[in-house]
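# An overview of the molecular structure
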Amino acid sequence: MDYGIPVTLDLPFAETVERVRAALAEQGFGILTEIDIRATLRAKLGEETEDYVILGACNPPLAHRALQADRRIGLLLPCNVVVRADGDRTVVEAMDPQLLVTVTGQPGLRAVADEAAARLRAALAALTG
């Protein structure tokens, strides 16, 4: 199973990050965490890498429904969205929420995963449209 939902944009990294935030917000997702991989690897290891951030996206109603179906699901939340530079293009990948069902084996999570996936796909489609 492919665990990501990708799109590639002909936009600069910083602009893409802002557009991703806005597209996720339109679909009811807030950003709970932001991890700047480039800055972290530079500071902790002295290593250089491309611009790369991980956004921890959460749709509270969906998270609530998932927690009602499986209290341990917090181990797999929030939905991560990666934005990374790839030459002069930018790649955006969202975690496929179907992983919640696959990893846990909880069929009660299927409806939540379906809705989350539809919303994430809509957000990514808005970036290319």
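Attention here is on the structure that accompanies the text. (Residues numbered from 1 in each chain as written. Predicted model: local features only at pLDDT ≥ 70, side-chain atom pairs only at ≥ 80, totals over all residues. Heavy atoms only, no water.)

### Observations regarding helix H5 (residues 110–128)
Given a rise of 1.5 Å per residue, 19 residues ought to cover 27 Å, and the 27 Å separating the end C-alpha atoms of H5 matches this to within 8%. Here H5 has its buried residues at Val112, Ala113, Ala116, Ala117, Leu120, Ala123, Leu124 and Leu127. Seen from one end, H5 has its buried residues packed into an arc of 125 degrees, which puts them on one side. The inward-facing, buried residues of H5 contact strand E1 (4–9), helix H1 (13–26), helix H3 (60–69), strand E4 (79–86), strand E5 (89–95) and helix H4 (98–104). (Helix = DSSP H or I, 4+ residues; strand = E, 2+ residues; numbered from the N terminus. Expected span 1.5 Å × (residues − 1). Buried < 20%, exposed > 50% of the residue type's maximum accessible area, 1.4 Å probe, protein only. Arc of directions from axis to C-beta. Contact = heavy atoms within 4.5 Å.)

### Thoughts on the side chain of Thr16
Along the chain, Thr16 falls in helix H1. In this view, Thr16 contacts Leu9, Leu11, Val83, Thr90 and Val92; residues no more than four positions away in its chain are not counted.

### Quick word on the sheet that holds E5
Pairing in this open sheet of 5 strands is antiparallel, and the strands run E1-E5-E4-E3-E2 from one edge to the other. The open sheet is flanked by E1 and strand E2 (30–36), the only strands paired with a single partner. Within the sheet, the average angular offset between the axes of one strand and its neighbour, ignoring direction, is 20 degrees. Of the strand pairs in this sheet, E2 and strand E3 (residues 52–58) are connected by 6 bridges, and their pairing is antiparallel. Of the residues in E3, the one forming a bridge with Ile35 is Ile54. With respect to the sheet, H5 is in contact with E1, E4 and E5, its orientation differing from that of E1 by roughly 10 degrees. (Pairing = 2+ DSSP bridges. Axes fitted to C-alpha atoms, helices over the stretch in contact; angles between N-to-C directions.)

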